[in-house]
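So you can see what is in the structure, the chains are spelled out below.
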Amino acid sequence: MKKRQSVIAAIVLAIATSTLVTPAFASGNTDLAHLHAGQSSRTPIGWSQFCDDNPTDCRTPRSAQTVMRLDDRAWSELLTVNLKFNQAIEPVTDQDQFGVIENWDYAKTGKGDCEDYVLEKRRELIKRGWPLSALLITVVIDKEGGGHAVLTVVTDRGEFVLDNQTDKVLPWSKSGLTFIRRQSPDNQNAWQDLGRFLGRPDVVTAALKGSR
């Protein structure tokens, strides 16, 4: 077991320290392993709407902030969950499916945009015992300059991104994304700035692209 743990640790370290991908943007206090949020930010209208429709899923339990220990089992779960929903959900915009710009919800129809992927992955990892404080919905700008949402996973070996645009689970700094804002680990209903603002990411976060 110790040998296997050392192998996964080496793999994660190699990914996190690789210089093959341009680092993403974030605040000046951010390091290559962790994002460090700044001031409070406006709550995305999509999250407010999701909470109105799913109030029990927006309750913040009274528990200490924790990060997930990244061992072989946890790493395997991240890969499995990311791939599972990337393959299971057909990418379609909220405009095409519901006739509105934003509609955050679970992919009940088997179709959805980026937020639907995120919500499904978040729910699945919670079922598997991951702490809510380690699973943060994050608003970003994708590589092509579009509004997008991903799930940032906080672990003791850094922060990783589950993204419907790729089946790879990458460290935040190697994702190629521009990080805008995300949920607070202390309170999922409070959002925090991550350093850069473009347009209105609180209004439009959907990205249809499903390339791997």
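Before reading further, recall that the structure is shown in the block above.
Predicted, not measured: the structure shown is a model, and the values here were computed from it.

Q: What should I look at first to understand the state of the cysteines in this one?
A: Simply put, disulfide is the name for a covalent bond between the sulfur atoms of two cysteines. Under the definition given, this model contains one disulfide. Covalently, Cys51 is tied to Cys58 through a disulfide, its sulfur atoms 2.1 Å apart. On the sign convention where negative is left-handed, the bridge of Cys51 and Cys58, at about -90° about the S-S bond, is left-handed. Grouping residues by exposure puts Cys51 and Cys58 together as buried.

Q: Sorry if this is basic, but what is going on with the environment of Val139 here?
A: Examined against the element boundaries, Val139 turns out to sit in strand S4 (residues 135-141). It is 4.6 Å that separates the C-alpha atoms of Val139 and Ala149, two residues lying 10 residues apart in sequence.

Q: Help me out: how do you make sense of the nonpolar core in this one?
A: Soluble, globular proteins show a tendency: their nonpolar side chains are buried together. Within the largest apolar cluster, 36 residues are counted, with the highest numbers of intra-cluster contacts made by Trp47, Phe50, Leu78, Leu125, Trp130, Ile137 and Leu151. When contributions to this core are tallied by element, the ones reaching two or more residues are helix H2 (45-53), helix H3 (72-88), helix H5 (114-127), S4, strand S5 (147-155) and strand S6 (158-163). If near-sequence neighbours (up to four positions away) are discounted, Trp130 is found in contact with Met68, Ala74, Glu77, Leu78, Leu125, Leu135 and Val153. Ranked by size, the runner-up nonpolar core spans eight residues in total, among them Val140, Val161, Leu177 and Phe179.

Q: I'm lost on the packing of aromatic side chains in this one. Help?
A: Within a pair of aromatic rings, the relevant descriptors are the distance that separates the centres and the angle that separates the planes. By the definition in use, this model includes six aromatic pairs. Relative to Trp191, the ring of Trp104 lies with its centre 6.4 Å away and its plane at 65°, an arrangement referred to as edge-to-face. Placement of the pair is Trp104 in the loop between helix H4 (94-98) and strand S3 (111-112) and Trp191 in strand S9 (residues 191-193), with a sequence separation of 87 residues. Residues Trp104 and Trp191 agree in their burial class; the two are buried. A network of ring pairs unites the aromatic residues Trp47, Phe50, Trp104, Tyr106 and Trp191 as a single cluster.

Q: Looking at this model, I keep getting lost on H3. Mind explaining?
A: Each α-helix turn comprises 3.6 residues. Residues three or four places apart therefore point the same way. The end-to-end C-alpha distance of H3, which contains 17 residues, comes to 24 Å, matching closely the 24 Å that a straight helix rising 1.5 Å per residue would cover. The complete set of buried residues in H3 reads Asp72, Ala74, Trp75, Glu77, Leu78, Val81, Asn82, Phe85 and Asn86. Backbone nitrogen of Arg73 and a side-chain oxygen of the N-cap are separated by 3.3 Å at the start of H3; the cap is Asp71.

Q: What exactly am I supposed to notice about the pattern of salt bridges here?
A: Side-chain pairs of opposite charge can arise whenever the charged atoms involved come near each other. Under the defined criterion, the tally for this structure stands at eight salt bridges. One salt bridge in this structure joins Lys108 and Asp105, with 3.3 Å as the shortest N-O distance. Lys108 sits in the exposed class, given a relative accessible area of 63%. With a closest N to O distance of 3.0 Å, Arg123 and Glu120 form a salt bridge. Of this pair, Arg123 and Glu120 both sit in helix H5, three residues apart, which is roughly one turn of that helix. Assessed through its relative accessible area of 10%, Glu120 is described here as buried. Among the charged side chains, a network of salt bridges with common partners joins Arg73, Glu77, Lys84, Glu124 and Arg128.

Q: Is there a simple way to explain the packing of H3 against H5 in this structure?
A: Packed helices, taken two at a time, are described by the angle between their axes plus the distance between the axes. The contact between H3 and H5 brings their axes to 10 Å, and the two run at 140°. As the angle between them shows, H3 and H5 are arranged oblique. At the point where H3 passes H5, the crossing takes the right-handed sense. When H3 is examined against H5, the residues Glu77, Leu78, Val81, Asn82, Lys84, Phe85 and Asn86 are found in contact with a partner set consisting of Tyr117, Glu120, Lys121, Glu124 and Leu125. In terms of residue class, the contact of H3 with H5 is made up of five nonpolar, two polar and five charged.

The rules behind these values
Residues numbered from 1 in each chain as written. Predicted model: local features only at pLDDT ≥ 70, side-chain atom pairs only at ≥ 80, totals over all residues. Heavy atoms only, no water. Disulfide = S-S within 2.5 Å. Buried < 20%, exposed > 50% of the residue type's maximum accessible area, 1.4 Å probe, protein only. Helix = DSSP H or I, 4+ residues; strand = E, 2+ residues; numbered from the N terminus. Core = buried A, V, L, I, M, F, W, Y, C linked by side-chain atoms within 4.5 Å. Contact = heavy atoms within 4.5 Å. Phe/Tyr/Trp six-rings, centres within 6.5 Å; stacked < 30°, edge-to-face > 60°. Expected span 1.5 Å × (residues − 1). Polar contact = N/O pair within 3.5 Å; in protein donor to acceptor, adjacent residues only side chain to side chain. Salt bridge = Lys/Arg side-chain N within 4 Å of Asp/Glu carboxyl O. Axes fitted to C-alpha atoms, helices over the stretch in contact; angles between N-to-C directions. Parallel < 35°, antiparallel > 145°, perpendicular 65-115°, else oblique. Left-handed = near helix turned anticlockwise from the far one by under 90°. Nonpolar A, V, L, I, M, F, W, Y, C, P; charged D, E, K, R; others polar.

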